[in-house]
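Summary of structural features
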Amino acid sequence: MQEEIIRTKSIYSGRIVKLSVHDVRLPNNRETTREVIEHPGAAAIVALDDAQQVLLVRQYRIAADKILLELPAGTLEPDEDPEACAVRELQEETGYKPAQIERLGGFYVAPGYTTEFIHLFLAMQLRVSALSGDDDEFVEVVRLPFSQALALVERGEIEDAKTITGLLYAARHLNI
């Protein structure tokens, strides 16, 4: 079932993503093309404070053309460990650093056209420890009871895939 890459043409190389077109040979020997967005991967964090409230961020997303409620998350730097990325992003976006962090799992965002894989973490025992965020990122921190965040998922009010997945993974992990 595997496809053989015959040749690759780089179409675009940006700050975060690269777009390539691959000519491939299918298992039946037919040839076709595949467009692939190469992404370095990311980490997303379900951060719970001592009152079992989850820290989310509200931010405008141009591709969706709306403000979304999301887990703190960010792109991996070259050779950065996903857990280190998670801690850094949590500090940059919320001003908190976890004393306890656990890997929940991960997932491919859309394997039909991108290599992006998001690593999911659960962060607890949060302590104030801010890092400067990206100068092109504007976020508002929102604290919600974990049960309320899950209700927003059920009502379709949280529409971001990493947030939905992360909250559901955490709920299962915590037996909620």
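The structure this text deals with has already been given above.
Given the structure is predicted, the values throughout are model-derived calculations rather than measurements.

1. Describing the environment of Ala 149
Within the secondary structure, Ala 149 sits in helix α2 (residues 146–154). In this structure the C-alpha to C-alpha distance between Ala 149 and Arg 34, which are 115 residues apart in sequence, comes to 37 Å. Residues in contact with Ala 149, not counting those within four places in the same chain, are Val 54, Leu 56, Leu 144, Ile 158 and Leu 167.

2. Concerning the side chain of His 119
Tracing the chain through its elements places His 119 in strand β9 (residues 117–128). With a relative accessible area of 16%, His 119 lands in the buried category. Engagement of the side chain of His 119 in a polar contact is seen with the side chain of Arg 103, the distance being 3.0 Å.

3. What about the layout of surface pockets?
When its volume is computed, the largest pocket comes out at roughly 1400 Å³. Ile 16, His 39, Arg 61, Thr 75 and Glu 137 are the residues nearest the centre of the largest pocket, which is lined by 40 residues in total. Of all the elements in the fold, those that place two or more residues in the lining of the largest pocket are β5 (53–61), β6 (66–70), β7 (73–75), α1 (82–94) and α3 (161–173). Looking at the lining of the largest pocket, the element that brings in the most residues is α1, giving 4 residues.

What counts, and at which threshold
- Residues numbered from 1 in each chain as written.
- Predicted model: local features only at pLDDT ≥ 70, side-chain atom pairs only at ≥ 80, totals over all residues.
- Heavy atoms only, no water.
- Helix = DSSP H or I, 4+ residues; strand = E, 2+ residues; numbered from the N terminus.
- Contact = heavy atoms within 4.5 Å.
- Buried < 20%, exposed > 50% of the residue type's maximum accessible area, 1.4 Å probe, protein only.
- Polar contact = N/O pair within 3.5 Å; in protein donor to acceptor, adjacent residues only side chain to side chain.
- 1 Å grid on protein atoms, 1.4 Å probe; cavity = no way out; pocket = protein on both sides within 12 Å on 5 of 7 lines; lining within 4 Å.
- Points joined across faces, edges and corners; volume = space filled by probe spheres on them.

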